[in-house]
Amino acid sequence: MRQQLADAATAFADSPGAVADILAGMVDDVDRALGEELEIFPVCHHSPASALAMVRRLRAKQPKVIYLELCEDLQPLLGELRNCRLPVAVQAFASELEGFPADWGPLSVVAPITEASAEYQAIAYALETPGVELVLVDRSTDHVFQWLPRPPGTADDTPAGGDAEPTAPAEEEAALHGDAVGVEIGDLRPRFAELEAYLLHHGKVRHWSEWWDQYVEQPLADADHDTYRQVMVLIGSLFRRLRPAGADRRDRDEDRERHMWTRMRQHLAASGADPADCLYVCGAFHAASRVEQFGLRADAPFEITPRTGTRWHYGLIPSSHSAIEAQFGLAAGSVSIAAATWTKAVARSGLSPFQLEGQRGTRAGRRRAAPAPVPAAPVADRLSGYLGRPPAVRGLDEAELRGWCVDIVRLARRNGYLASTADAIAVFETSILLAGLRNRARPTPYDFADAAVTCIEKDVVPGRRDVRRLCEILFGGDRIGQVGYEALPPLARDVHDRLAPLGLDLEKRQVQRALLDLHADPGLAPCSDLLWRLRHLLPPDAVRPIMGERRLGHRSIQESWDLALGRHQRALIELGYEGVTVEQVLEQRLRRAVRGPDATASVALEAVEDAVRLLDSPRLVDELGNRAVELLAAERTVDDAPEVLRRIRRLLAHHRATGPLPAWCEAFVTTGYAHYCTLLPTAFVDEGSGVRQVGAMLGFLFGMESLALSLGCDRSQLELAVAQSHPEAPAKVALLWVARHQLGLLTLAELRQRCADLLGNPLVVPAFPQYLSGFVQALESVPGLAPFVVEVMSSAFARLPDPVLLPWLPTLITTLRDHGPELVPLLVRAAGRTFPASLPALDAWVPPWSASASPPAPAAPAVASGPVAALLSGHPEAVDAVAALLGCDGGWREEAAPAPATPPGLAALLATHPATADAVAALLAGGPG
């Protein structure tokens, strides 16, 4: 074989020396792997051919020990696969890091497992066969991140990928693994871009998955054990030798091989097992290893570094075909096609695959008696014959292709396509044509999908699914796994138990509607509390309220929820890695939020609000509130002032309505009063502080002033802060005027005059919208100023001519929209109270500020007349004494003209009843009348 490859290199290569060395080295790698005392079984991840070969070898050899290339700390989880429906992923998760950069967290490693994979067959055989030991020998999940490259001088390196670089999935199902680093057995793909492009071009395929299915999967599906091993090691050696030297990934792969061989030697030495009864399952790439630790007789040492102090949590999460494809960069639909190929190959070959007892979603097969182990025979050369002859060609299976064509037309019609029998015939013929153009004896699923897209989809997609997606559904669909109740962490099981009164099957992936009448059935209140907490912790679509709300001081008596916990099982499981109950996780997250490096006073107040709404824990509320006081005192900017004002107002109103103010609320008000008084002069002149922030500061100072003064604050702080403020921006100047008006330093008449001066200055008129913006923001602190702002805006519209008014009108609108959208309704209400309600009344309407601007001149006071005046003028001594006491100068005025005649009606009344008038006259005269 070696000589034949050397002759081929001499005949066809431009540089036969280098090519001959590579080809000869490949043969040496095959000899080395097959000559090892411990049998090496090379596999490819999610390969039906590897799974079939694994089933055949396990039934023939019946090993007592299986060494599997998988993270060694994941072994305790494998037994839980019985409680799951495949595909699922074994996960290691860490949120509290020690020994890794803080911005790497949270760390997550997943290893997906499907039924049509060699590793699952090995796991099922080991767990279901008495006396068989399964040993995972790959490096731990902690070492996965320890061995990631960290460029020197960078502290914020994020993991760029582990065993596979995760891609950004486009669909919901493709996001089941999140941003986890994927671990796979047998990452068999050339890392030499030019080689892969060459293979795809000459193989007349579009992506690597199709090339692998055409040239490796199909020829090896029915190959014997020796042929399979030699071909797989040969491919692994080729890709290994063509990988660029010095690559970080190559170094990590070699360290993995050293780790695995070291662990296997340690286990054999400790257990005393016979290597002849052992089987080493690894990727074909690692089977062609050339490290010095390769083999059981190697004595080269390798130091396995200790794990970091990071605490890892382990569990199972649901996976799917599309999630695996997105995780490892496979073509869309390739895993579904592999699953369909596995099912067909098992039926054709008559093999009975291994499966875990009681596992959901697997086909129950007949248990056959294990045949006697076949003694190992000397390894013969199978490569020469295999590579020297073309693969056995299976003819066209017309029945299978017709079934595909009929089914795809049926699916297309269900999804809105105008497909017919003619389209089925066209797909049939086009599939055969494409296979012939690509030098294939029979159409593959990839040829069929291309033909279906060409003949059915054309240029219009009427529904949500295109034809290629329908082909994936036809070949098995995006099968989605599920973790059973028994395999869930305690938190997830607790959630299922506490929501049991709703009467829903929470394991279903469909969205389910839950109706809660808390008035009729108060026993559902704990379910409502739990749903609101899950709403805070899980993704938005997992628990979504349709009717009802939970805010400070308010709880709905009827609620309606859309629940999709089965679809978001991964998120619920990862909550279980953080605590035992939902309440514990929520409390930890709130504490973590206020203690984080990016925590601010507004974040702390939000945490306080969440604690009040969702948790009945006054102790936690006090702790978070005290932290909010600390954060507010430490802030040096006022960027979050609007959010702080909004949240503290809401919390103060809630606590006032439910009882006395907590101590932290009082401390927050006093600290905020002093803090904002200190920052106010700087914020007025700082360009980085917007008018919205300054307005919120004034809103806090004036809105909380009475409470702050009652708690011991000094108003002179605010007066000094305003006196020291000298803004230049028009909006901030308007804010300062309002602040001075609120302090009594500027009357409303003076403020009105200043605005009139602004409108009268042609140079200032273009900037007048900015002044209006400041006045609008001032409503946050002085809401009673809304009529004055309406007056100013009305005066501007009344006084300014159209050539001046129209250019800055868009600026006014955009300014109000950007800087005060929540305050505009206050202006609208003030305008509604000011302007007339009907159009006819508008013609005769006089603005109230115009009427007050020109009041009628007061008339000269007339000398009073009547009995009292006559009495005082008759006895002037008392009046003169009082005037002298008060220091009033002047004399007596002349008596006014006689009062008008008494109305006739009054005179008639007095004449009819003279006794009353005589008694009053006698009383005023001082004697009887």
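Since the structure is predicted, the reported quantities are computational estimates derived from the model, not experimental observations.

*Asks:* Would you mind going over the sheet that holds strand β11 (residues 512-517) with me for this structure?
*Replies:* Backbone-to-backbone hydrogen bonds pair the strands of a sheet. The strands run either parallel or antiparallel. A sheet is described by the order of its strands in space; here three strands give the open sequence β11-β15-β12, paired in antiparallel fashion. Strands at the two margins of the open sheet, each flanked by one partner only, are β11 and β12 (543-547). Neighbour to neighbour, the strand axes of the sheet diverge by 25° on average, direction disregarded. Examined bridge by bridge, β11 and strand β15 (residues 558-563) share six bridges and lie antiparallel to one another. Note that in β15 the partner of L516 across the bridge is E559.

*Asks:* Which parts of the structure should I look at to understand the packing of helix α26 (residues 691-703) against helix α29 (residues 730-742)?
*Replies:* In helix packing, the relevant descriptors are the interaxial angle and the interaxial distance, both defined with respect to the helix axes. Where α26 meets α29, the closest approach of the two axes is 10 Å, and the angle between their N-to-C directions is 10°. The pairing of α26 with α29 is recorded here as roughly parallel in orientation. Across from V691, V694, G695, L698 and F702 in α26, the residues of α29 making contact are A731, K732, L735, A739 and Q742. Tallied by class, the residues present in the contact of α26 with α29 amount to seven nonpolar, two polar and one charged.

*Asks:* Just to check I follow, could you spell out the environment of H496 for this structure?
*Replies:* If you trace the backbone, H496 turns up in helix α18 (residues 490-498). A relative accessible area of 14% places H496 in the buried class. Taking the C-alpha atoms as reference, H496 lies 8.9 Å from E507; in sequence the two are eleven residues apart. Ignoring any residue separated from it by four or fewer positions in sequence, one finds H496 in contact with Y485, L488, L506, E507 and L572.

*Asks:* Would you mind going over unusual backbone geometry with me for this structure?
*Replies:* Residues apart from glycine generally show negative phi values, whereas peptide bonds are mostly found in trans. The omega torsion of the bond from L86 to P87 falls at 5°, within 30 degrees of zero and hence cis. Backbone geometry places H46, a non-glycine residue, at a positive phi of 55°. Tracing the backbone through its elements, the reader meets H46 in the loop between β1 (39-43) and α3 (48-61). Of note, Q62 is a non-glycine position whose phi angle comes to about 50°, a positive value. Q62 gets classed as buried once you look at its relative accessible area, which sits at 19%.

*Asks:* Sorry, what's going on with the packing of α18 against helix α20 (residues 569-576) here?
*Replies:* α20 packs onto α18 with a crossing angle of 120° between their chain directions and a minimal axis gap of 6 Å. On α20, the residues touching L491, A492, V495 and H496 of α18 are L572, L575 and G576. Classifying every residue of the contact of α18 with α20 by side-chain character gives five nonpolar, two polar and no charged.

*Asks:* Just to check I follow, could you spell out the packing of aromatic side chains for this structure?
*Replies:* Two aromatic rings are characterised by how far apart their centres lie and by the angle between their planes. Following the criterion strictly, the structure yields twelve aromatic pairs and no others. Centroid distance W532 to W561: 4.7 Å. Interplanar angle 75°. Geometry classified as edge-to-face. Note that W532 is positioned in helix α19 (residues 525-537) and W561 in strand β15, a separation of 29 residues in sequence. Taking the relative accessible area as the measure of exposure, W532 reaches 8% and is therefore buried. Overall, W561 belongs to the buried group, its relative accessible area being 0%. Seen from their ring centres, W737 and Y771 are 6.0 Å apart, and the 25° between their planes marks the pair as stacked. Residue W737 is located in helix α29, and its partner Y771 is located in helix α31 (residues 768-778); the two are separated by 34 residues in the primary sequence. Each of the two residues, W737 as well as Y771, counts as buried. The ring of F354 has R59 sitting right over it, with the charged end atom 4.2 Å from the ring centre.

*Asks:* Could you clarify how one ought to interpret the side chain of Q693 in this entry?
*Replies:* Structurally, the position occupied by Q693 is in helix α26. Residue Q693 is classed as buried on the basis of its relative accessible area of 16%.

*Asks:* For this particular structure, what's the right way to read the pairing of strand β9 (residues 313-318)?
*Replies:* Side-chain positions along a regular strand alternate between the two faces of the sheet. Counted residue by residue, β9 has five buried out of six residues, so it is predominantly covered. As paired strands, strand β4 (residues 88-94) and β9 are joined by six bridges and run antiparallel to one another. Residue A89 lies in a different strand from β9, and its bridge partner there is I317.

*Asks:* Is there a simple way to explain the sheet that holds strand β2 (residues 65-71) in this structure?
*Replies:* The parallel open sheet is built from four strands, whose spatial order is β1-β8-β2-β6. Across the chains shown, the open sheet's two edge strands, defined by having one partner strand only, are β1 and β6 (133-138). Here the average twist between neighbouring strands, direction ignored, is 30°. In this sheet, strand β8 (residues 278-283) lies alongside β1 in parallel orientation, the contact comprising five bridges. Its bridge partner lying in β8, I40 is registered against Y280. Running over the sheet, α3 touches β1, β2 and β8 and is turned about 155° from β1.

*Asks:* Sorry if this is basic, but what is going on with a nonpolar patch on the surface here?
*Replies:* A contiguous nonpolar patch, built from V868, L872, V879 and W892 and spanning about 360 Å² of accessible area, is present on the exposed surface. Structurally, W892 is set in the loop between α38 (876-886) and α39 (904-912). Take W892: its relative accessible area is 46%, and that puts it in the partly exposed class.

*Asks:* Whenever I open this one, helix α4 (residues 118-128) confuses me. Can you help?
*Replies:* The α-helix advances 3.6 residues per turn, and as a result positions three or four apart in sequence lie on the same side. When you tally the buried positions in α4, you get nine out of eleven residues, the bulk of the element. Those residues of α4 that are buried are in contact with β1, α3, β2, β5 (107-113), β6 and α12 (334-349).

*Asks:* In this structure, what is going on with the pattern of salt bridges? I would like to understand it.
*Replies:* Should their charged atoms come close, side chains of opposite charge can pair. Applying the stated criterion across every chain yields a total of 41 salt bridges. Between R468 and D450 there is a salt bridge, and its shortest N-O distance comes to 3.2 Å. Here the residue R468 occupies a position in helix α17 (residues 467-474), and D450 occupies one in helix α16 (residues 445-457), the gap between them amounting to 18 residues. Put simply, D610 and R613 hold a salt bridge, and the shortest N to O gap is 2.8 Å.

Procedures and definitions
- Residues numbered from 1 in each chain as written.
- Predicted model: local features only at pLDDT ≥ 70, side-chain atom pairs only at ≥ 80, totals over all residues.
- Heavy atoms only, no water.
- Pairing = 2+ DSSP bridges.
- Helix = DSSP H or I, 4+ residues; strand = E, 2+ residues; numbered from the N terminus.
- Axes fitted to C-alpha atoms, helices over the stretch in contact; angles between N-to-C directions.
- Parallel < 35°, antiparallel > 145°, perpendicular 65-115°, else oblique.
- Contact = heavy atoms within 4.5 Å.
- Nonpolar A, V, L, I, M, F, W, Y, C, P; charged D, E, K, R; others polar.
- Buried < 20%, exposed > 50% of the residue type's maximum accessible area, 1.4 Å probe, protein only.
- Phe/Tyr/Trp six-rings, centres within 6.5 Å; stacked < 30°, edge-to-face > 60°.
- Lys NZ or Arg CZ within 6 Å of the ring centre and 35° of its normal.
- Patch = residues over 30% accessible without salt bridge, like charges linked within 9 Å, V, L, I, M, F, W, Y side chains within 5 Å.
- Areas by Shrake-Rupley, 256 points an atom, 1.4 Å probe, with all protein chains shown as cover.
- Salt bridge = Lys/Arg side-chain N within 4 Å of Asp/Glu carboxyl O.

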